[in-house]
Amino acid sequence: MLRQMSLRPVARASGHAHCACTARIAARRTFTAKPTRATEDFSLNKLHNKRRDYERNRTAFLSAGAIAGIASFIYTAYKLKVALAAQSDSDKSSSAGSIRLDSPIPTEAFKTEAGEQRKVVLRDDEGHEIVPTGNSVVQTFPRTIDVKLPTDTRAVGSIEAIISSNEGTEYTLVGLGTRTVTFLGIQVYVVGFYVATQDIAKLQTYLVKKVNSLATTLIPSEKESLRKSLLDPAEGEETWDTILRDAGCRSAFRITPVKDTDFGHLRDGFVRAITARSQRDSQKYGDEQFGEALKEFKNLFARGSVPKQKEMLMCRDQLGRLSVLYDEEATKGARSQIMGSVQDERISRLLWLNYLAGNKVASEPARQNIINGVMEFVERPVGTVATQVL
């Protein structure tokens, strides 16, 4: 009995101790439950801040990379332009000895006299008339050239056309300019437009009658009207297209590279121009005959390199047949080999229009210069220009 009584307090004490321990554990659990939520919130905020910092740094790095790329592009373009300018100066000094004049060669092909544009004509040390191009490599173009084309225009290779001062048909320079590419204005070649001296009267007649059907020459206001019509993309293209189809004027483009190039690059530029214009009217240029003619034209340029200052002529006869000649030797009085011919007049007509008219031409300075030359023709009575040239 005493034993049982002595154990009860112990049991009670043990029970009280167990309850106290449980209470402490419950209290501890209750105390730690609240900080767990706070810890989670703190962790989320920390992750959010890290993500925000990452995005900010990423944006900063991307912006810095873009700025660095633009800066490096501009710097590279600037260095390239400086290098090309230095090369041009070097070419100018190396070619200065080819023409000996008492005064420096002008940089403009036309000058203003009494409010009118006049072609600048000089003479070299041998007495030949030359026109300044404004280019440092190809400094001048001859005012007139004599071209003798073969009777059979289908022959190639062995047939040569003689270009000299006393043989062939004489062609007179109308205007010239430099072809450039890319926004850097990289110069490719100087191009000049020539018309057979005997056919200038035909060109005069058509242009004068277009403005005034009763006139034989144009007054200043009529000349300005003609100039505006030739500069207009649609009207100018229509005018030159009609002249090329109906006037029967023999003409030529003289091309002289200002840097080493090759026939492939020249061909690609010509073909792109012809193709772009032909795609505007599939009914006129979508037939098989035109496609074959374009292939023939491409094959003419299946050759190698074209050194700078070498001459190439593209001649269009009165029927529109195209002949391409290349000056292999580039020496005065040398024979120029005919590279080949294309019979379909549409090829030469589209190629000519690439320089003369439209929204986009191969050389805008050349187009402007050619129009200035045309204005010189129409201010004189029809038929008198040829006698003044001769």
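Residues numbered from 1 in each chain as written. Predicted model: local features only at pLDDT ≥ 70, side-chain atom pairs only at ≥ 80, totals over all residues. Heavy atoms only, no water.

## Brief notes about the packing of aromatic side chains
Stage number 1. Within the structure shown, the criterion is met by 10 aromatic pairs.
Stage number 2. When the centroid spacing of 4.9 Å and the interplanar angle of 35° are considered together, the rings of F193 and F253 count as tilted. On the criterion of sequence distance, the pair formed by F193 in strand β9 (residues 186-196) and F253 in strand β10 (residues 251-257) is long-range, its members being 60 residues apart. The exposure classification of F193 matches that of F253, with both residues buried.
Stage number 3. Between F253 and W352, the ring centres sit 4.9 Å apart and the planes meet at 75°, which makes this aromatic pair edge-to-face. Pair noted here: F253 is in strand β10 and W352 is in helix α8 (residues 345-356), with a separation of 99 residues, a long-range link.
Stage number 4. Here the aromatic cluster, defined as three or more aromatic residues joined through ring pairs, consists of F193, W240, F253, W352 and Y355.
Stage number 5. The positively charged end of R254 is found above the aromatic ring belonging to F141, 4.4 Å away from the centroid. (Phe/Tyr/Trp six-rings, centres within 6.5 Å; stacked < 30°, edge-to-face > 60°. Helix = DSSP H or I, 4+ residues; strand = E, 2+ residues; numbered from the N terminus. Buried < 20%, exposed > 50% of the residue type's maximum accessible area, 1.4 Å probe, protein only. Lys NZ or Arg CZ within 6 Å of the ring centre and 35° of its normal.)

## A few points about helix α5 (residues 263-278)
Stage number 1. With 16 residues, α5 should reach 22 Å at 1.5 Å per residue; the first-to-last C-alpha distance of 22 Å fits that figure.
Stage number 2. Within α5, the full set of buried residues consists of F263, G264, L266, F270, V271, A273, I274, R277 and S278.
Stage number 3. For α5, the N-terminal cap is D262; the gap from its side-chain oxygen to the backbone nitrogen of G264 is 3.0 Å. (Expected span 1.5 Å × (residues − 1). Polar contact = N/O pair within 3.5 Å; in protein donor to acceptor, adjacent residues only side chain to side chain.)

## Quick look at a nonpolar patch on the surface
Stage number 1. Where nonpolar side chains cluster on the molecular surface, the patch consists of I70, F73, I74 and F183 and spans about 490 Å² of accessible area.
Stage number 2. Relative to the elements of secondary structure, I70 occurs in helix α1 (residues 2-95). (Patch = residues over 30% accessible without salt bridge, like charges linked within 9 Å, V, L, I, M, F, W, Y side chains within 5 Å. Areas by Shrake-Rupley, 256 points an atom, 1.4 Å probe, with all protein chains shown as cover. Salt bridge = Lys/Arg side-chain N within 4 Å of Asp/Glu carboxyl O.)

## Regarding the pattern of salt bridges
Stage number 1. Following the criterion strictly, the structure yields 23 salt bridges and no others.
Stage number 2. When the shortest N-O distance is used, the salt bridge between K202 and D199 registers 3.7 Å.
Stage number 3. Among the ionic pairs, R245 bridges to D241, the shortest N-O distance being 2.8 Å. Linking R245 with D241, this pair stays in helix α4 (residues 233-247), spanning four residues, or about one helical turn.

## A word on α8
Stage number 1. Look at α8: 16 Å from first C-alpha to last across 12 residues, which is about the 16 Å you get at 1.5 Å a residue.
Stage number 2. Along α8, the residues classified as buried are R346, I347, S348, R349, L350, L351, W352, L353, N354, Y355 and L356.
Stage number 3. Where α8 ends, the next residue or the one after it, G358, has phi of about 115°, a positive value.

## Remarks on the pairing of strand β8 (residues 169-181)
Stage number 1. Sheet topology places strand β6 (residues 144-147) next to β8; four bridges connect them, and they run antiparallel. Looking at β8, one finds that V147 is bridged to T169.
Stage number 2. Of the pairings in the sheet, the one linking β8 to β9 comprises 10 bridges and is antiparallel in character. Considered in β9, the bridge of L173 is made with Y194.
Stage number 3. Turn length for the β8-β9 hairpin, with the two strands adjacent in sequence and antiparallel, is four residues, and the turn residue T182 shows positive phi of about 65°. (Pairing = 2+ DSSP bridges.)

## Focus: the sheet that holds strand β3 (residues 122-123)
Stage number 1. Pairing is antiparallel in the open sheet, where three strands are placed in the order β3-β4-β5. Each end of this open sheet is capped by a strand with a single partner; those strands are β3 and β5 (140-142).

## Thoughts on the nonpolar core
Stage number 1. Counting residues in hydrophobic clusters, the biggest one holds 58 residues, and the most contacted among them are W240, F270, F297, M312 and M314.
Stage number 2. With residues near it in sequence (within four places) discarded, W240 still touches F193, L203, L230, L353, L356, A357, I370 and V374.
Stage number 3. Counting 18 residues, the second largest nonpolar core, distinct from the first, contains V131, Y171, V190 and L325. (Core = buried A, V, L, I, M, F, W, Y, C linked by side-chain atoms within 4.5 Å. Contact = heavy atoms within 4.5 Å.)

## Things to note about the pairing of strand β13 (residues 312-316)
Stage number 1. β13 sits mainly inside the fold: five of its five residues count as buried.
Stage number 2. Taken together, the five bridges between β10 and β13 define a ladder with antiparallel strand orientation. Of the residues in β13, the one forming a bridge with I255 is M312.
Stage number 3. As paired strands, β13 and strand β14 (residues 322-326) are joined by five bridges and run antiparallel to one another. Opposite M314, over in β14, you have V324 as the bridge partner.
Stage number 4. Turn length for the β13-β14 hairpin, with the two strands adjacent in sequence and antiparallel, is five residues, and the turn residue G320 shows positive phi of about 90°.

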